Structures are given as C-alpha cells and as structure tokens.
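So the chains spell out like this:
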Amino acid sequence: MFRKILSVGGWTLVSRLTGFIRDVVLAAVMGVGPIADAFVVASRIPNHFRAIFSEGAFNSAFLPTYAGVLEREGAAPARSFASRISTLMLIVQIALLAVALLGMPVVVTLLAPGFSDDPQKFDLAVTLTRITFPYLLFVTLVTILSGILNAHERFAAAAAAPVLLNVSIVAALAVAFLFPNAGYAAAWGVTVAGVLELLLVWFAAKRLGVAPAIAVPRFDPAMKHFFKVLGPAVIGSAGVQLAMFADTIIASFLPTGAVASLYYADRIYQLPLGVIGIAAGTVLLPEMSRRIAAGDVTGAHGAQNRAVGLTLALAAPFVVAFVTMPDLIMSALFQRGAFDAAAAERSGAVLAAYALGLPPAVLIRSAVASFYSRSDTVTPLIASLTAVAVNVVLKIVLTGPYGVVGLALATAIGIWVNLGLLVLLALRRDWMAPGGTLGRTAAAVAVASLLLGAFAWFAPIPLSEWTTRLPAWNSEILLAVLGMAGALLYGGVLLAGLKVLGVRLSRR
C-alpha cells in the first residue's frame with residue numbers, strides 16, 4: 001500500500017510543482033489586482049460544482065459500488081454499471097452547463113456579490129466564468145474514469161491528469177498577447193485542460209479494457225445502491241463547498257486583492273494536502289473497501305493505521321514551516337513582477353492561519369474511509385455539516401477583526417471539528433482501531449517537529465545575514481538552505497525516534 005500511496009503522491013507532487021510554476025506565472029502576470037480576482041472567481045466556480053457533484057461525492061459512492069460489483073459479479077457487469085452511470089452523468093452535466101451559461105450573471109452575483117460594486121470586474125468575472133465552466137463537464141467524466149482505474153489499482157493516469165491543467169494554463173499565458181488580457185488566456189487554458197485530461201484517462205481505461213460506453217440508464221440494485229449512497233455524499237460535499245463559497249462571498253467585499261491573497265496562500269497550503277492527504281485517501285478507500293468486503297476488518301484497520309502514520313510523518317514538516325516562516329515562503333515563491341512585498345506579507349498571514357488546520361485536513365480522507373468503505377455516507381455528512389456550520393459562523397465573527405486572515409482561521413477550526421467528530425463516531429462503532437505502533441509513530445513525529453520548529457524559528461536570523469550579501473535571489477536561497485537543512489534534521493530525528501520506540505519501517 002505504501003508503494004501505491006507514494007506512486008499517487010509522486011504524481012500529485014509533480015502536479016503541485018507544475019501548479020506552483022503556474023501560480024508563479026499567474027502572480028507575475030496578474031498580481032493581486034482586479035484581473036486576478038476575476039480569474040480566481042472564474043476558476044473557483046466550476047471547481048466548487050465539481051467538488052459537489054463529481055470528485056468527492058461521486059467517488060465515495062461510485063468506487064465502493066463499482067468495486068463490489070467487480071468483486072461479486074465480474075468485469076462485464078461492472079463495466080455495464082460504469083457505462084450507465086457515465087451516460088447519466090453526461091446528460092446531467094450537459095443540462096447544467098446550458099443553464100449555467102445562460103444564468104452566469106446570477107451565479108457570479110450569488111458567489112461574488114461584492115463584485116457588483118465594480119461593474120468592470122463583475123463583467124470580466126462573468127465572461128471568464130462562461131469560458132471556464134465547460135471544464136466541469138470534462139472533469140466529471142475524468143472523475144468517473146479515474147474511479148474505474150483506481151478500482152483496478154491503476155493510479156498513475158488519474159494522478160497525472162491534473163498536471164495537464166497547469167501546463168495548459170502556463171502555455172495559454174505564454175501567448176496571452178493574443179487575448180484581450182491575461183485573464184482570458186488563463187480561462188481558455190482551463191477549458192482546454194479539461195479536454196486533455198479526459199483524453200489521458202480515457203486512453204488509459206481503453207488500454208485496460210474497462211472504458212465505459214454510452215448505455216441507457218437502468219436502475220438495477222447496483223444503481224439503486226449507488227444513488228442511495230450518493231445523496232448524502234452530495235449533501236456533505238455541498239456543505240463543505242458552502243464554507244468555501246462563504247470565503248469567496250465575504251472576500252469579494254474586502255479590498256481588492258483579498259480574493260487573490262486567499263488563492264495564493266491556499267495554493268501553497270494545498271501542496272501537502274494534495275500530495276499526502278489526498279494520495280493516502282485515494283489508495284486507502286479501495287484498499288479498505290476490498291478488505292471489508294472480504295471480511296478482513298483487522299487488515300482494513302491495519303491499512304488505515306499505516307496510512308495515518310505515514311500521513312502524519314510527511315505532513316508535520318509543512319505545518320512547522322507554514323507557521324514559523326510564512327512570509328519568507330510567500331516572498332521567495334511569488335514576490336516578483338506584479339506581486340510585491342505587501343502582497344507577500346498578506347498572503348503569508350493567510351498561509352499561517354491555514355497551517356493550523358493542516359494536520360486534520362491531511363487526515364480527514366483516511367478518517368472518512370472508515371465510513372465510505374462500509375457505504376456509510378450519512379455519518380460523514382452529519383460531521384461535515386456540523387463543521388461547516390461552525391466554520392461559517394466563525395468566518396462572520398473573525399473577518400471583522402482579522403480580515404482575510406479570519407477566513408482562513410475559521411477554515412482551520414472547522415476542519416478540526418470535522419475530524420474530531422469523525423474519529424469519535426468511528427471509535428464508538430469500532431470502525432477505527434488505532435494501535436500502539438500508531439501512537440509511537442505520532443510521538444516520534446511530535447519530537448521531530450518540536451526540534452524542527454526550534455530550528456526554523458532561530459536559524460533564519462544568522463543565515464539571513466549571509467544571504468542579504470548575495471547579489472540576487474536572497475529570499476529564494478535562504479528558503480532553499482533552510483528547507484534542505486530542516487529536512488535533514490527532521491528526517492534524522494524522526495528515523496532515530498522510530499528506531500528507539502521500536503517502530504519498524506517495513507509494511508508489517
């Protein structure tokens with residue numbers, strides 16, 4: 001399982017690195033001005049709908065159902081089920097696209113009402129969102145094909161697909177002079193990426209012989225089970241997206257640049273979340289689903305504990321870095337072109353607030369697997385909606401005194417509430433069984449993190465005295481030196497701690 005997690009994580013890392021390059025280019029070209037705000041809204045709206053109707057909710061219902069049909073009935077019935085689901089989702093997405101294109105001013109008004117005070121920015125956001133919205137249709141089909149590939153333990157193509165989004169946007173920005181402005185170029189890059197992602201996973205499924213075909217939807221037991229599980233999952237995903245909608249809505253009323261500051265901080269925050277948390281959850285869900293279907297509950301819990309331990313060990317250094325030196329990170333990565341020192345400082349403060357919620361954020365996928373692997377999407381729904389309610393209330397309360405940082409802080413608190421409820425409910429049902437090895441791993445991670453935190457707090461001052469004398473790339477070199485030294489320190493202390501505590505690094 002570790003090999004699969006690292007495979008998915010490796011491709012996700014490539015995706016995040018190319019995404020970083022994309023964001024560096026976006027920051028340099030657009031900065032945090034009105035074009036950047038309009039593009040961020042235009043890219044977020046289809047992604048919000050994707051998260052509600054396809055990626056998260058769909059996988060939680062489709063993958064266990066497809067895996068069950070494949071295990072019990074074989075490849076042909078599983079392919080038939082996938083074909084019927086794919087056809088139905090295609091019909092729904094085409095209808096949604098038609099409605100959204102016609103009513104886009106209303107959609108933008110609902111999700112970024114503050115833009116109405118600036119007609120030029122509002123009109124640009126509407127136009128750019130009309131360009132990006134077809135991405136939702138393509139990525140929904142990508143999600144279906146990715147779920148099929150994952151069920152057959154083929155993770156590479158689905159994990160690699162997001163790389164194409166980053167490459168496409170950068171390529172479009174390279175020829176931005178052909179468009180009215182850079183926002184138009186980036187928006188067209190998003191839509192073209194949807195086509196490229198679909199082609200990639202389609203050919204991967206075709207080669208494996210599991211690509212779905214057009215089929216008349218027929219509501220057999222598998223379809224009924226799918227929709228029974230999908231309903232609560234969609235509501236749960238919608239709840240999470242409501243909290244994200246609240247970010248966009250509230251930020252649209254803040255001074256120009258608030259939306260973009262949230263975006264750039266979130267992009268850095270999403271690096272460990274995507275590489276570690278989502279990778280672990282992607283591999284763990286089919287693993288637990290297969291083991292539980294076969295009656296191997298102990299094995300399922302063992303797999304979950306291994307995933308949680310690995311996730312904690314890999315995520316902890318990012319938490320330390322984001323909390324102790326967020327300004328340096330944002331300055332080194334983005335401060336060039338239109339992205340100035342003030343923008344780096346604002347985004348750094350948002351990143352530090354987000355970092356407080358990173359530990360639960362990377363663990364949620366592993367915790368949710370306890371429920372989704374048993375086709376229970378109702379309990380995660382309840383936990384999610386409770387956390388969203390706390391999140392939204394705190395956004396309203398904290399934005400006044402803390403501005404855009406308050407939005408990120410509320411998000412962090414809401415994620416802790418979500419994880420706490422999931423763990424508590426799973427333990428009460430014996431659907432989660434943390435063992436001694438996991439506890440010893442967590443102790444070793446805590447000790448290594450404390451030492452890394454001390455290093456990250458005190459080391460920048462003497463090192464900066466050296467880097468400030470360099471002719472160029474001062475902050476970039478300082479961050480690179482701190483990163484390499486910190487990684488060696490953390491890795492050495494962690495490995496020593498695991499050895500002292502008797503935690504073996506092998507699968508067993």
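What comes next is a walk through the structure. Since we're looking at a predicted model, the values are computed, not measured.

Here we come to the nonpolar core. With 127 residues, the main nonpolar core has Phe62, Tyr66, Leu128, Tyr264 and Phe334 as its most contacted residues. The element contributing the most residues to this core is helix α11 (residues 258–293), with 13 residues. Apart from the residues within four sequence positions on either side, Tyr66 is in contact with Ala78, Arg79, Phe81, Ala82, Ile148, Ala151, His152 and Val210. Counting twelve residues, the second largest nonpolar core, distinct from the first, contains Leu452, Tyr490, Leu494 and Leu498.

Relative to the helices and strands, Ala67 is located in helix α3 (residues 55–73). By relative accessible area, which is 16% here, Ala67 ends up buried.

What follows covers a nonpolar patch on the surface. A cluster of nonpolar side chains, namely Val192, Val195, Leu196, Leu199, Trp202 and Phe203, defines an oily patch on the protein surface of about 490 Å² accessible area. Its place among the elements puts Leu196 in helix α9 (residues 182–208). Given the relative accessible area of 36%, Leu196 is considered partly exposed.

All right, on to the packing of aromatic side chains then. Under the criterion given, the structure shown has seven aromatic pairs. With 5.0 Å between their ring centres and 15° between their planes, Tyr269 and Tyr354 make a pair best called stacked. With a gap of 85 residues between them, Tyr269 in helix α11 and Tyr354 in helix α14 (residues 341–355) connect regions that are remote in the sequence. Just as Tyr269 is buried, Tyr354 falls in that class too. Seen from their ring centres, Phe371 and Trp431 are 5.7 Å apart, and the 65° between their planes marks the pair as edge-to-face. Of this pair, Phe371 sits in helix α15 (residues 358–372) while Trp431 sits in the loop between α17 (404–428) and α18 (436–458), and the two are 60 residues apart along the sequence. Owing to a relative accessible area of 0%, Phe371 belongs among the buried residues under this scheme.

The rules we used
- Residues numbered from 1 in each chain as written.
- Predicted model: local features only at pLDDT ≥ 70, side-chain atom pairs only at ≥ 80, totals over all residues.
- Heavy atoms only, no water.
- Core = buried A, V, L, I, M, F, W, Y, C linked by side-chain atoms within 4.5 Å.
- Buried < 20%, exposed > 50% of the residue type's maximum accessible area, 1.4 Å probe, protein only.
- Helix = DSSP H or I, 4+ residues; strand = E, 2+ residues; numbered from the N terminus.
- Contact = heavy atoms within 4.5 Å.
- Patch = residues over 30% accessible without salt bridge, like charges linked within 9 Å, V, L, I, M, F, W, Y side chains within 5 Å.
- Areas by Shrake-Rupley, 256 points an atom, 1.4 Å probe, with all protein chains shown as cover.
- Salt bridge = Lys/Arg side-chain N within 4 Å of Asp/Glu carboxyl O.
- Phe/Tyr/Trp six-rings, centres within 6.5 Å; stacked < 30°, edge-to-face > 60°.

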